[in-house]
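The lines below spell out each chain.
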Amino acid sequence: MGLKTYQVTTYGCQMNAHDSERIAGTLEAAGYIPANSGDEPDLVVINTCAVRENADLRLYGKLGQLRSDKKRNPNMQIAVGGCLAQKDRNQIITKAPWVDAVFGTHNLNVLPTLLERAVALEEAQVEIVEALEVFPSDLPSKRESQHSAWVSISVGCNNTCTFCIVPSLRGKEKDRRPGDILQEISALVTSGVIEITLLGQNVNSYGAEFGDRFAFSKLLRACGEIAGLERVRFTSPHPKDFTDDVIEAMAETHNVMPQLHMPLQSGSDDVLRLMRRSYRRDKYLGIIERVRSAMPEAAITTDIIVGFPGETEEDFEQTLDLVSRVRFANAFTFIYSKRPGTPAADMTNQIDEEIKQQRYEELAKLVNQIVWQENLAQVGKVVEVLVATGEGKKDLETGRLSGRARDNRLVHFQPHPNTNPGDLVDVEITGAAPFHLISDRPILRTRTTSGSIQKSRNAVNLGMPIHLSSK
Ligand code: SF4
């Protein structure tokens, strides 16, 4: 009997993407191999999200599809993990008895054992634990990208935003020791990674557990000391804990990228109070102002919820006003949806679905206009792009490759014949689309992961300044 094949489907946030790499690593350590695309896997793992209402619909829809696959192939196994598994537990087996194993956000490591036990006992296995057993980062990992990696610095969250179910599913914040994090990063760089994203539900409160409120800015500065680490990003920060030492560390550390994803959620103080976000508009605007004065080229993105219970037309206008003032490089906008078990779900003044939809469309229209204008403002600039795995896929129509600029904007550019994923290429922006930048000029300079620098003939001829990657 050949090795069993597996496939992991991931829903939700970067933390889930990170966990799915650990699930894949744990399965491969147990002897599974990834299924080739198009082949029916022996094992399907669904790593679920619980943040929005449609999360349930998506899971049970997928399980419905898998039911017929399993009828055709009774040896196939199906496992469900992640936040919805942590929340729904045995209910998943009740609703979908063809599922073999259910595991939670705190015990990714038990999956291979549960699958074996399900076969031996011919019975579905559910194992959910309340507190973290093993830091996911201590598990083997199978990364999606060769050159970029997620590095989790904490799990869980101590905040109590009234719309959010995460703290009840991922528990109170637990911080990794700085030494463990830096060790993992050094090992990743040795294995060829040049870009890392530090992950936490609220990276700004990193260190709270071991009593060091400057721990996050210290960590950013320490990343600056790691040779070969070209790019450092982080998500998600929280405005209530975003302090000046972090802004200074970002501005003064050469490989911390000029990019910040700072969830706003609402531009109205009344709604922020109802959301229990512990900051108000002025504080948010003050942070943006200080970030921009320290890093004028920084791209700032955000998350916004419309239609939160009690949101009046004036409140919504406040959100539109703040969006116009900050001019985000991008904004992920969501219609508020009730999550059973959250305080907001029991609030009386729920907003009519039609009004929610109208506000969503109006906000999305304003955001898209600004995003495109801000992209057009990049035309003429020379930017450094990381040609990433996957995203480096060639656009068959234009022959362009893609990658991320230092400010995390997506760039489609004309490749050189020997451009490879992981290369850092300097390109001149010649055009902009609503959600990406375009370069139709030859690459000016390439820095390969082996460190060699190739200046393109054009750059030399044009006498264009080839700047060493500075801030
Ligand atoms: S900060 Fe708020 S929204 Fe974010 S994970 Fe914590 S409780 Fe949820």
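Our structure is the block above this text.
Since we're looking at a predicted model, the values are computed, not measured. (Residues numbered from 1 in each chain as written. Predicted model: local features only at pLDDT ≥ 70, side-chain atom pairs only at ≥ 80, totals over all residues. Heavy atoms only, no water.)

Q: Before we go on, may I ask you to explain helix α2 (residues 54-72) in this structure?
A: What sets the pattern is the α-helix's 3.6 residues per turn: residues three or four places apart point alike. Given a rise of 1.5 Å per residue, 19 residues ought to cover 27 Å, and the 28 Å separating the end C-alpha atoms of α2 matches this to within 8%. Three or more residues of α2 are buried, namely Ala 55, Asp 56, Leu 59, Tyr 60, Lys 62, Leu 63, Leu 66, Asp 69 and Lys 70. (Helix = DSSP H or I, 4+ residues; strand = E, 2+ residues; numbered from the N terminus. Expected span 1.5 Å × (residues − 1). Buried < 20%, exposed > 50% of the residue type's maximum accessible area, 1.4 Å probe, protein only.)

Q: Explain the packing of helix α1 (residues 14-29) against helix α5 (residues 111-121) to me, please; I cannot follow it from the model alone.
A: For any two helices packed against each other, the geometry is given by the interaxial angle and the distance between the axes. Close contact between α1 and α5 brings their axes to 9 Å; oriented N to C, the two are set at 55 degrees. Here α1 lies oblique to α5, going by the angle between them. Contact with α1, carried on its side by Ile 23, Thr 26 and Leu 27, involves Leu 111, Pro 112 and Leu 115 of α5 and no other residues of that element. Counted by class, the contact of α1 with α5 contains five nonpolar, one polar and no charged residues. (Axes fitted to C-alpha atoms, helices over the stretch in contact; angles between N-to-C directions. Parallel < 35°, antiparallel > 145°, perpendicular 65-115°, else oblique. Contact = heavy atoms within 4.5 Å. Nonpolar A, V, L, I, M, F, W, Y, C, P; charged D, E, K, R; others polar.)

Q: When you look at the environment of Asn 368 in this model, what are you seeing that I'm missing?
A: Here Asn 368 lies in helix α13 (residues 353-376). Overall, Asn 368 belongs to the partly exposed group, its relative accessible area being 34%.

Q: Please explain the sheet that holds strand β14 (residues 330-335) as it appears in this structure.
A: Within a sheet, each strand pairs with its neighbour through backbone hydrogen bonds, oriented either parallel or antiparallel. Reading across the sheet, the three strands line up as β12-β13-β14 and stay open at both edges, with parallel pairing between neighbours. What marks the edges here is a single partner per strand, and that holds for β12 (259-261) and β14. The mean angle between the axes of side-by-side strands here comes to 10 degrees, regardless of whether they run parallel or antiparallel. As paired strands, strand β13 (residues 299-306) and β14 are joined by six bridges and run parallel to one another. Within the sheet, the bridge partner assigned to Asp 303 lies in β14 and is Phe 332. (Pairing = 2+ DSSP bridges.)

Q: Which parts of the structure should I look at to understand unusual backbone geometry?
A: Excluding glycine, a negative phi dihedral is what most residues carry, and trans is how most peptide bonds are arranged. Note that the residue after Thr 235, namely Ser 236, is joined by a cis bond; omega there is -5 degrees. Along the polypeptide, Ser 236 turns up in the loop between β11 (231-235) and α9 (244-252). The residue Arg 327 is not glycine, and still its phi comes out positive at about 55 degrees. Mapping Arg 327 onto the fold places it in the loop between α12 (313-326) and β14. Since its relative accessible area comes to 29%, Arg 327 is described here as partly exposed.

Q: Looking at this structure, how should I read the sheet that holds strand β6 (residues 125-127)?
A: Read from one edge to the other, the open sheet built from six strands follows the order β2-β1-β3-β4-β5-β6, with strand pairing classed as parallel. Edge positions in the open sheet fall to β2 (33-34) and β6, since each of these has one partner strand only.

Q: What exactly am I supposed to notice about the pattern of salt bridges here?
A: If the charged atoms of two oppositely charged side chains come close together, the side chains can form a pair. One pass over the structure, following the stated rule, counts 32 salt bridges. Here Glu 127 makes a salt bridge to Arg 117, at a shortest N to O gap of 3.6 Å. Of this pair, Glu 127 sits in strand β6 while Arg 117 sits in helix α5, placing them 10 residues apart in sequence. For Arg 117, a relative accessible area of 34% gives the class partly exposed. Here Arg 359 makes a salt bridge to Glu 311, at a shortest N to O gap of 2.9 Å. With Arg 359 in helix α13 and Glu 311 in the loop between β13 and α12, this pair connects stretches of sequence that are 48 residues apart. There is no split in this pair, since Arg 359 and Glu 311 are both buried. Within this structure, Glu 230, Arg 231, Glu 384, Arg 406 and Arg 447 form a network of salt bridges that share partners. (Salt bridge = Lys/Arg side-chain N within 4 Å of Asp/Glu carboxyl O.)

Q: Before we go on, may I ask you to explain the site of the ligand in this structure?
A: By nearness alone, every residue bordering the ligand is listed as Cys 157, Asn 159, Cys 161, Phe 163, Cys 164, Val 166, Pro 167, Gln 201, His 238 and Arg 277. Partitioning the shell around the ligand into residue classes produces six nonpolar, three polar and one charged. (Near = heavy atom within 4 Å.)

Q: Quick question: what am I supposed to make of the packing of aromatic side chains here?
A: Aromatic rings in a pair are described by how distant their centres are and how their planes are angled relative to each other. Applying the stated criterion to the full structure yields six aromatic pairs. Judged by centre distance (5.5 Å) and plane angle (80 degrees), the ring pair of Tyr 206 and Phe 210 falls under edge-to-face. Judged by relative accessible area, Phe 210 falls into the partly exposed class, the value being 23%. Where Phe 308 meets Tyr 336, the ring centres are 5.3 Å apart and the plane angle is 75 degrees; that geometry is what we call edge-to-face. Separated by 28 residues along the polypeptide, Phe 308 in the loop between β13 and α12 and Tyr 336 in the loop between β14 and α13 bring together distant segments of the chain. The exposure class of Phe 308 is buried, given its relative accessible area of 0%. The class of Tyr 336 is buried, set by a relative accessible area of 3%. Taken together through their ring pairs, the aromatic side chains of Phe 163, Phe 308 and Tyr 336 make up a single cluster. Above the ring of Tyr 11, the side-chain terminus of Arg 58 is found at 4.5 Å from the ring centroid. Between the NZ or CZ atom of Arg 177 and the centre of the ring of Phe 210, over which it lies, the distance is 4.8 Å. (Phe/Tyr/Trp six-rings, centres within 6.5 Å; stacked < 30°, edge-to-face > 60°. Lys NZ or Arg CZ within 6 Å of the ring centre and 35° of its normal.)

None of this, on its own, says anything about what the molecule does.
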